[in-house]
Amino acid sequence: MSRQRRNLILQWLAFFAGIGVVVAFLALTVEWSSLHRLFFDWAVFKDQFPNMITEGIRNTLVYTSIGFGGGLVFGLIAALMRRSSVPPARAAALAYVDVMRSLPALLVILIIGFGLPLAFGENLPSWANSNFAAGGFALAMVAGAYMAETIRAGLEAVPKGQTEAARSLGMKSGQTTVTIVLPQAFRIIIPPLTNEFILLLKDSSLISVLGIVVGQRELTTIGRQVSNSSGNYTPLIAAALCYICVTLPLTFLVRRLERRANAGSR
């Protein structure tokens with residue numbers, strides 16, 4: 001038997017031995033009856049549907065879509081400003097990116113959700129007082145800072161020869177950016193942008209700190225409220241499974257896009 005094959009067998013044995021130790025530890029120490037009653041009660045689990053889907057998943061996707069769309073706009077503007085030849089524009093974009101990336105998303109949601117109504121009072125439109133607007137805008141502000149760096153990296157990854165060729169044909173700088181540079185940059189950054197969407201999907205649970213009412217609740221809020229009222233944590237497991245059902249297809253999509261991008265770059 002070769003040394004390489006012997007090492008491979010030893011690695012497999014070590015892996016299964018580790019799994020066996022973990023399983024034995026859990027079997028001997030976990031109180032399975034209590035765990036089943038409080039976390040895996042099938043009757044309580046069934047009661048969460050279809051509300052967990054019709055309200056929870058729907059609103060989670062709404063919050064995420066607002067945050068992602070707004071973040072994409074903020075990120076694109078900030079990325080272009082970072083590449084501007086005007087120093088104040090570069091400084092403003094850098095300040096926005098650094099500040100937003102330094103603050104916890106929860107704190108930004110609290111500041112925007114409670115600060116804007118106090119700052120503008122009656123001058124604030126009624127629709128802006130909804131959690132969809134406040135929560136989505138806060139997520140967009142945070143996501144935009146991260147997307148700005150992703151977009152800027154994509155813009156810098158486009159070969160400069162593309163820009164020089166476009167200008168040699170008489171295209172203006174703005175026209176070159178919109179028609180030549182941006183399409184290629186976004187093709188490059190699709191995988192990291194999809195990852196950002198997945199992160200926002202989970203960060204949407206933070207909007208619950210604004211005091212979400214029935215009809216505007218996302219998955220985590222529904223699970224927590226039902227758990228608090230029933231004294232059972234099964235609704236949180238139902239919410240977790242819903243998150244998995246939404247995020248796993250997106251994760252597989254990211255992997256496929258990354259493989260296609262790597263194959264195309266060879």
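Residues numbered from 1 in each chain as written. Predicted model: local features only at pLDDT ≥ 70, side-chain atom pairs only at ≥ 80, totals over all residues. Heavy atoms only, no water.

Formed by 37 residues in total, the largest nonpolar core has its most connected members in Tyr96, Leu155 and Ile207. Mapped onto this core, the elements with two or more residues apiece are helix H4 (51-82), helix H5 (87-102), helix H6 (105-120), helix H7 (131-157), helix H9 (173-188), helix H10 (190-203) and helix H12 (234-264). Examining the composition of this core, we find that 11 residues originate from one element, H7, more than from any other. With residues near it in sequence (within four places) discarded, Ile207 still touches Tyr63, Ile109, Asn131, Gly135, Gly136, Leu139 and Ile212. (Core = buried A, V, L, I, M, F, W, Y, C linked by side-chain atoms within 4.5 Å. Buried < 20%, exposed > 50% of the residue type's maximum accessible area, 1.4 Å probe, protein only. Helix = DSSP H or I, 4+ residues; strand = E, 2+ residues; numbered from the N terminus. Contact = heavy atoms within 4.5 Å.)

A few words now on the packing of aromatic side chains. Using the criterion set out here, one finds nine aromatic pairs in the structure. With a centroid separation of 4.9 Å and an interplanar angle of 25 degrees, the aromatic rings of Tyr63 and Phe132 are classed as stacked. In this pair, Tyr63 is assigned in helix H4 and Phe132 in helix H7, connecting sequence segments 69 residues apart. Take Phe132: its relative accessible area is 21%, and that puts it in the partly exposed class. Here Phe68 and Phe197 contribute two aromatic rings whose centre-to-centre distance is 5.4 Å and whose plane-to-plane angle is 80 degrees, an arrangement assigned as edge-to-face. Of this pair, Phe68 sits in helix H4 while Phe197 sits in helix H10, and the two are 129 residues apart along the sequence. Each member of the pair, Phe68 as well as Phe197, is classed as buried. Among the aromatic residues, those joined into a cluster by ring pairs are Trp12, Phe15 and Phe16. (Phe/Tyr/Trp six-rings, centres within 6.5 Å; stacked < 30°, edge-to-face > 60°.)

Together, Leu8, Trp12, Phe15, Phe16, Ile19 and Val23 make up an exposed nonpolar region whose accessible area comes to about 630 Å². Relative to the helices and strands, Leu8 resides in helix H1 (residues 3-29). (Patch = residues over 30% accessible without salt bridge, like charges linked within 9 Å, V, L, I, M, F, W, Y side chains within 5 Å. Areas by Shrake-Rupley, 256 points an atom, 1.4 Å probe, with all protein chains shown as cover. Salt bridge = Lys/Arg side-chain N within 4 Å of Asp/Glu carboxyl O.)

Another point: the pattern of salt bridges. Overall, the coordinates contain five salt bridges when judged by the stated rule. Residue Glu149 pairs with Arg152 through a salt bridge whose shortest N-O separation is 2.9 Å. Of this pair, Glu149 and Arg152 both sit in helix H7, three residues apart, roughly one helical turn. Here the salt bridges share partners, and the residues they tie into one network are Arg82, Arg101, Glu149, Arg152 and Glu156.

Between H7 and H10, whose axes approach to 11 Å, the crossing angle comes to 160 degrees. Relative to H10, the element H7 lies roughly antiparallel. Seen from above, H7 lies across H10 with right-handed handedness. Residue-level contacts link Leu139, Ala143, Tyr146, Met147 and Thr150 of H7 to Pro192, Leu193, Glu196, Leu200 and Asp203 of H10. Among the residues forming the contact of H7 with H10, the class breakdown is seven nonpolar, one polar and two charged. (Axes fitted to C-alpha atoms, helices over the stretch in contact; angles between N-to-C directions. Parallel < 35°, antiparallel > 145°, perpendicular 65-115°, else oblique. Left-handed = near helix turned anticlockwise from the far one by under 90°. Nonpolar A, V, L, I, M, F, W, Y, C, P; charged D, E, K, R; others polar.)

Attention now goes to a positive patch on the surface. A surface patch of positive charge is lined by Arg255, Arg256, Arg259 and Arg260. Inspection of the secondary structure assignment puts Arg255 in helix H12. (Lys, Arg positive; Asp, Glu negative; His and termini not counted. Charge placed at Lys NZ, Arg CZ, Asp CG, Glu CD.)

Our next topic: H6. With 16 residues, H6 extends 22 Å from end C-alpha to end C-alpha; this agrees with the ideal 22 Å at 1.5 Å per step. The complete set of buried residues in H6 reads Ala105, Val108, Ile109, Ile112 and Gly113. On its buried face, H6 is in contact with H5 and H7. Trailing H6 by a residue or two, Gly121 shows a phi angle of about 60 degrees, which is positive. (Expected span 1.5 Å × (residues − 1).)

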